[in-house]
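Listed here are the chains, written in short residue letters.
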Amino acid sequence: MEPLAAGIAHEVRNPLAIIRSTAQYCLGEVVNNKDLEESLQTIIKSSETANRVVSDLVEFARPEAVDFKQQSLAPIIKEGLRMVHGRAKTQKVKLSKSVARNLPQLFLDKKRFLQAYINFLVNALDSMPNGGKLRVEAARDNSHRGVRLIIHDSGKGIPEEVLSKILQPFYSTKKEGVGLGLPIAEGIIRSHGGKVDFKSQPREGTEVMVLLPVRKRNINGNHSRY
Ligand SMILES: Nc1ncnc2c1ncn2[C@@H]1O[C@H](COP(=O)(O)OP(=O)(O)OP(=O)(O)O)[C@@H](O)[C@H]1O
Ligand SMILES: [Mg+2]
């Protein structure tokens, strides 16, 4: 990303942090005033949204240096599910997983892979506001000599005319969506030499299929950017 853009991102984040902490301070001082409390909560929530937009933009324009290591996928799958567990519970979404025992180790940048995986999980949860099932499966994919990770939800599904656009930056069908979640996730999976496919049946759910190759090191050395 251009230094100018990075500078602007920085300059926007600072006042956002001040807005947020000031609103939080005021919230602590409010006594017996529900309206004011709600207004302050709106300020906090909006500043968090704005902060996320800036972070996504920065990540999209200039992905962080990558840090690949040979490691198992299983604990990462578990960690991601743990991170969305609270939200799943409030939404009455049942989480489940099935991870094959014989999975080979993969060459992964854990932090970034987790970011992609969480984006898939959050999209799945977004599609099930009134409950449902979210299932993650990982198994060997012998025909591609790699590992297949599937994130399956029983949510509202993706209509055919939407499916062709979901990887476009800033495409979103959600009221508060930015539309960078999938482009970022797809870029991360690609930087791992993998690919992502989507299968969906409107009103029945969506299946995100991530195919990861088994390889010893990334093509461009350890600190490449994709
Ligand atoms: N599991 C899913 N079920 C239904 N629709 C989905 C699913 N995953 C993605 N989509 C569709 O793809 C669109 C793009 O997804 P993407 O994650 O890029 O953006 P977003 O979720 O709308 O916003 P954000 O930037 O907050 O992630 C979504 O708005 C939604 O219409
Ligand atoms: Mg998303």
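Residues numbered from 1 in each chain as written. Chains lettered and ligands numbered in written order. Predicted model: local features only at pLDDT ≥ 70, side-chain atom pairs only at ≥ 80, totals over all residues. Heavy atoms only, no water.

A. Representation of empty space enclosed by the protein. Enumeration over the complete set of coordinates arrives at 1 cavity of 30 Å³ or more. Lining the largest cavity are Leu106, Phe107, Leu108, His192, Leu212, Pro213 and Arg215. Elements with a contribution of two residues or more to the lining of the largest cavity: strand 3 (106-108) and strand 7 (205-213). A per-class count over the lining of the largest cavity returns 5 nonpolar, 1 polar and 1 charged. (1 Å grid on protein atoms, 1.4 Å probe; cavity = no way out; pocket = protein on both sides within 12 Å on 5 of 7 lines; lining within 4 Å. Points joined across faces, edges and corners; volume = space filled by probe spheres on them. Helix = DSSP H or I, 4+ residues; strand = E, 2+ residues; numbered from the N terminus. Nonpolar A, V, L, I, M, F, W, Y, C, P; charged D, E, K, R; others polar.)

B. Representation of helix 6 (residues 181-191) within the structure. A large share of helix 6 lies buried, amounting to 9 of its 11 residues. When we look at burial in helix 6, the residues that qualify are Leu182, Pro183, Ile184, Ala185, Glu186, Gly187, Ile188, Ile189 and Ser191. Phi turns positive one or two residues past the end of helix 6, at Gly193, with a value near 80°. (Buried < 20%, exposed > 50% of the residue type's maximum accessible area, 1.4 Å probe, protein only.)

C. Expanded view of the layout of surface pockets. Of the voids in this model, the largest pocket is the one considered here, and its volume is about 990 Å³. Asn119, Val122, Asn123, Asp126 and Lys174 are the residues nearest the centre of the largest pocket, which is lined by 34 residues in total. Those elements giving two or more residues to the lining of the largest pocket turn out to be helix 2 (34-61), helix 4 (110-126), strand 5 (146-153), helix 6 and strand 7. The residue inventory of the lining of the largest pocket, partitioned by class, reads 15 nonpolar, 11 polar and 8 charged. Of the voids in this model, the second largest pocket is the one considered here, and its volume is about 240 Å³. What lines the second largest pocket is simply Glu59, Glu64, Met83, Lys111, Arg112, Leu114, Gln115, Ile118 and Asn119. It is helix 4 that provides the largest number of residues to the lining of the second largest pocket, a total of 6 residues. Grouping the amino acids of the lining of the second largest pocket by side-chain chemistry returns 3 nonpolar, 2 polar and 4 charged.

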